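Residue-level listing of the chains:
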Amino acid sequence: MICIVTGVSGSGKTTIGTLLSKKTHLPFFDADDFHPGTNVEKMSQGIPLTDHDRMPWLQHLANKIQDWEKSGGAILACSALKETYRQILHAVPDILWVHLQGERPILEERLKKRQNHYMPPGLLNSQIDAWEQPDYGLHLDIKDTPESMVNIIIEKLRLKSPNSHIGIIGMGVMGKSLALNMAENGIPIAVYNRFVVGKEEHIATGFAATNKHFPLLKGFDELALFVQNLESPKKILLMIPAGEAIDHQIGDLLPFLQKGDILIDGGNSFFEDSSKRYDYLASKGIHFLPMGVSGGEEGARKGPSLMPGGNAEAYELLFPYLQKIAAKDKNGKACVTYVGPQGAGHFIKMVHNSIEYGEMQVIAETVHLLRYGMKLSAVEVAKILRNWIAEGLSSYLLEITADILEIQENEELILDKILDKAGQKGTGNWSISTALKYNTPYSPLFEAVTARQLSANKEERTQLSKEYSHRFRAFAGDKVLLLDHLKNAFRLVRIINHETGFDLMHKVSSSLHWNLNFSEIARIWTNGCIIRSKLMEDLVAIFQENPSIIHHKPLVGKIKEWKSDLAYLIGLGLSHDFALPVMSASLNYLLGRIIEASSANMIQAQRDYFGAHTYIRNDDPKGLAKHTDWLLLKEKHQNKDNAL
Ligand code: 6PG
């Protein structure tokens, strides 16, 4: 969408253009800034430009206009006095021309007030003489206020706006934020929300009305009108709760869709449901893209991390839009990639959330140890976390934790007023069931979910804590040393938490032949999402060399060193009555992976003893299943003892 504001000097093109840009979020350009040096020189000497002087400048602007349109639109302020000039600027079919007109005394008055402008007021006459009145576009009188002129222009832009390129269904927080993100990035967007009498009335139209300054945003309360407004192939993003609501919405949409149309599920659906929906929709010729979206409300509005999977052909059509709205990594590349077939996008998001659960829980455990084990104030803890961030341990979750430890309301820490019952919406449980299904150890996440479950029993906890006289006991000892142990323990738990998440992806990817690219997945998680961190940035390189973090040779030395810190810390914490579920589970997981002679021989012996489940001898090179008649041997053993 291109809007060109014309008029002679002093008509207020820049004022109107910048205000319009502020309200519509389309970028503003002043044509004067594109004059070649020779023209600027002439103008500053008061020499009027000839048509010949203007030609290369106009041509350059015409090229720019084509570029601007491709990148979502722009507002250009340009005197464009003659029709021939305007024809050159007409480089794209759809331009809104806004002509600012005013009486000479107002223009003279304004020019007199200007400072530091190379256009001497004397040139006004030649401009007024050159002005050729166009019989198209919007003609506005500069006597009016800039505010009301801009409102008129926005209304006109809205009416002119083409069919929407993308439609969003569901005006919850995420749907609304993504819609504004798209509109701001120059994507014509239609939004729809169901109409439920007395509960959800005029949600989408109301949302578009309160965001009138985004001319590319249209709201619909009628599904049929919403779909009709979309250009083909229709691209519809569902931002509604996971579960049956998705199937109902798909059912309602199907009569309006044609082969080749694209449905995207941007919610937190269970990936196996998404794979089934993918097959179902494929049988109807509809392309389905289950897409993980991370970053919460702020991310959705300013740049989320996007994890689309499913139909690869449809992904290509969507990519130009997705890359505009996604967060950018440190190299400026959009945090979006095609992750894999079927429900892979939702699978990846589910793993993201399980890492999120683990990260949140280990931070909670760490803060607890700092506040009640080391007896530090919330502000002191925040300071320590900020130091860790500065020392390379930065992560979004650690940053918001430091904020939470500082933010007060009525001089009280809000954190201490929050009931300690943690909620959850399901992705944690799904991750556990998936890990079990794919035979993948996932204990840190399991413990993070269990900790939330235990936290929910507030009444019982309160009662039992009295019966057991439970209270945290503060640690004795050198605080500096303790802090060092804690920092290293924290680093290691984070590594293990990420290791388990990526290991699950590895197992599922191999089993379902999804060919997931772990380095690329880590890259799209370096910004926009909840688990963005310095560690994630390191993982981009690590996964280029290795599918597993703990196999990464340069880290082995560090992990060995931090293992002792973690063991020390867990011992200290548990013996002082702190629950450290994720820390403990992480160390057990690590030891379970690196131990050569495990205790599992005892398990095998017991299984064979009571159930003849057989075992393999470690001195049998063939690895054959063997059963021992344990009772017979026991009898022999007893007889031998008796004989002695
Ligand atoms: C994100 C989050 C988000 C998730 C919430 C709530 O990446 O933006 O993962 O998608 O829904 O964090 O999850 P729980 O309610 O299960 O904690």
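Please read all numbers here as calculations on a predicted model, not as lab measurements.

**What about helix 14 (residues 312-325)?**
Then, in step 1: Relative to the 20 Å expected for 14 residues at 1.5 Å per residue, helix 14 spans 19 Å between its end C-alpha atoms, a close match to the ideal helical length.
Then, in step 2: At L318, helix 14 is bent by approximately 55 degrees, the largest bend along its length, and proline P320 sits one to four residues beyond.
Then, in step 3: Buried residues of helix 14: A314, Y315, L318, Y321, L322 and I325, and no others.
Then, in step 4: On its buried side, helix 14 packs onto strand 6 (166-169), helix 8 (173-184), strand 9 (235-238), strand 10 (262-265), strand 11 (287-294) and strand 12 (305-308).
Then, in step 5: N-cap assignment for helix 14: the residue whose side-chain oxygen lies 3.0 Å from the backbone N of E313 is N311.

**Some details on the packing of aromatic side chains**
Then, in step 1: In the structure shown here, the tally under the stated rule is 23 aromatic pairs.
Then, in step 2: Each ring, one from F518 and one from F543, has its centre 6.2 Å from the other, and the planes form 55 degrees; the classification is tilted. Here F518, found in helix 22 (residues 518-524), pairs with F543, found in helix 23 (residues 534-545); they are 25 residues apart in sequence, far enough to count as distant. There is no split in this pair, since F518 and F543 are both buried.
Then, in step 3: Taking the ring centre of W131 as reference, the NZ or CZ of R86 above it sits at 5.2 Å.
Then, in step 4: Over the face of the ring belonging to Y357 we find R452, whose NZ or CZ atom lies 3.6 Å from the ring centre.

**Quick look at unusual backbone geometry**
Then, in step 1: Of the consecutive residues S232 and P233, the connecting peptide bond is found in the cis state with omega at -10 degrees.
Then, in step 2: With respect to the helices and strands, P233 occurs in the loop between helix 10 (223-228) and strand 9.
Then, in step 3: Phi is positive for E411, close to 60 degrees, though the residue is something other than glycine.
Then, in step 4: Taking relative accessible area as the criterion, E411 reaches 75% and is therefore assigned exposed.
Then, in step 5: One non-glycine residue, N439, lies in positive phi territory at about 55 degrees.
Then, in step 6: With respect to the secondary-structure elements, N439 resides in the loop between helix 18 (427-437) and helix 19 (443-456).

**Some remarks on the packing of helix 15 (residues 344-373) against helix 16 (residues 378-393)**
Then, in step 1: Interhelical geometry of helix 15 versus helix 16 gives an angle of 130 degrees and a closest axis separation of 9 Å. Here helix 15 is positioned oblique relative to helix 16, judged by the angle of their axes. When you trace helix 15 past helix 16, the crossing you get is right-handed. On the side of helix 15, the interface is formed by T366, V367, L370 and R371, while helix 16 contributes A378, V381, I384, L385 and W388.
Then, in step 2: Classifying every residue of the contact of helix 15 with helix 16 by side-chain character gives seven nonpolar, one polar and one charged.

**Notes on the sheet that holds strand 4 (residues 95-101)**
Then, in step 1: Read across the sheet, five strands follow the order 2-3-1-4-5 without closing on themselves; strand pairing throughout is parallel. Two strands bound the open sheet, and with one partner strand each, they are strand 2 (28-30) and strand 5 (138-141). Taken pair by pair, the neighbouring strands of this sheet meet at an average axis angle of 20 degrees, ignoring direction.
Then, in step 2: Summarising the sheet, strand 1 (residues 2-6) and strand 3 (residues 74-77) pair through four bridges and their orientation is parallel. Bridging from a neighbouring strand, C3 pairs with I75 of strand 3.

**Some details on the pairing of strand 1**
Then, in step 1: Of all five residues that make up strand 1, five are buried, and the element is covered over most of its length.
Then, in step 2: Both faces of strand 1 are covered, namely the face carrying I2, I4 and T6 and the face carrying C3 and V5.
Then, in step 3: Across five bridges, the pairing between strand 1 and strand 4 is parallel. What sits directly across from I2, in strand 4, is I95.

**As for the packing of helix 15 against helix 25 (residues 581-594)**
Two measures define how a pair of helices packs: the angle their axes make with one another and the distance between the axes.
Then, in step 1: Between helix 15 and helix 25, the shortest axis-to-axis distance is 8 Å and the interhelical angle comes to 115 degrees. Contacts between helix 15 and helix 25 pair G358, Q361, V362, E365, T366 and L369 from the former with P581, V582 and M583 from the latter.
Then, in step 2: Looking at the contact of helix 15 with helix 25, its residues break down into five nonpolar, three polar and one charged.

**A closer look at the site of the ligand**
Then, in step 1: Taken together, 13 residues are adjacent to the ligand, and S294, K349, E356, Y357 and R452 come closest.
Then, in step 2: Taking N268, its side chain carries an N or O atom lying 3.1 Å from an oxygen atom of the ligand.
Then, in step 3: Take E356: an N or O atom from its side chain is 2.6 Å from an oxygen atom of the ligand.
Then, in step 4: Relative to its unbound accessible surface of 410 Å², the ligand loses 81% to contact with the protein.
Then, in step 5: Residue contributions to the shell around the ligand peak at five residues, all from helix 15.
Then, in step 6: Looking at which domains feed residues into the shell around the ligand, each of domain 2 (166-342) and domain 3 (349-594) gives three or more.

**Let's talk about a nonpolar patch on the surface**
Then, in step 1: On the surface, I407, I414 and I418 cluster together into a nonpolar patch covering about 260 Å² of accessible area.
Then, in step 2: Residue placement: I418 occurs in the loop between strand 14 (412-413) and helix 18.

**Side note on the domain arrangement of the protein**
Then, in step 1: Structurally, the protein comprises domain 1 (2-160), domain 2 (166-342), domain 3 (349-594) and domain 4 (600-643).
Then, in step 2: Placing the centre of domain 3 and that of domain 4 at their C-alpha centroids yields a distance of 41 Å.

**Overview of the pattern of salt bridges**
Then, in step 1: Enumeration according to the criterion identifies 25 salt bridges in this entry.
Then, in step 2: The partner of R494 in a salt bridge is E359, and the shortest N-O contact between them spans 2.9 Å. Of the two residues, R494 is situated in helix 21 (residues 479-512) and E359 in helix 15; the sequence distance between them amounts to 135 residues.
Then, in step 3: A residue is classified by how much of its surface remains accessible, and R494, at 4% relative accessible area, is buried.
Then, in step 4: For D619, the salt bridge identified is with R617, shortest N-O distance 2.9 Å.
Then, in step 5: Where salt bridges share partners, they join D329, E520 and R523 into one cluster.

Each value, and the rule that gives it
- Residues numbered from 1 in each chain as written.
- Predicted model: local features only at pLDDT ≥ 70, side-chain atom pairs only at ≥ 80, totals over all residues.
- Heavy atoms only, no water.
- Helix = DSSP H or I, 4+ residues; strand = E, 2+ residues; numbered from the N terminus.
- Expected span 1.5 Å × (residues − 1).
- Bend = angle between axes of the 7 residues up to and from the residue.
- Buried < 20%, exposed > 50% of the residue type's maximum accessible area, 1.4 Å probe, protein only.
- Contact = heavy atoms within 4.5 Å.
- Polar contact = N/O pair within 3.5 Å; in protein donor to acceptor, adjacent residues only side chain to side chain.
- Phe/Tyr/Trp six-rings, centres within 6.5 Å; stacked < 30°, edge-to-face > 60°.
- Lys NZ or Arg CZ within 6 Å of the ring centre and 35° of its normal.
- Axes fitted to C-alpha atoms, helices over the stretch in contact; angles between N-to-C directions.
- Parallel < 35°, antiparallel > 145°, perpendicular 65-115°, else oblique.
- Left-handed = near helix turned anticlockwise from the far one by under 90°.
- Nonpolar A, V, L, I, M, F, W, Y, C, P; charged D, E, K, R; others polar.
- Pairing = 2+ DSSP bridges.
- Near = heavy atom within 4 Å.
- Areas by Shrake-Rupley, 256 points an atom, 1.4 Å probe, with all protein chains shown as cover.
- Domains from an automatic or database assignment.
- Patch = residues over 30% accessible without salt bridge, like charges linked within 9 Å, V, L, I, M, F, W, Y side chains within 5 Å.
- Salt bridge = Lys/Arg side-chain N within 4 Å of Asp/Glu carboxyl O.

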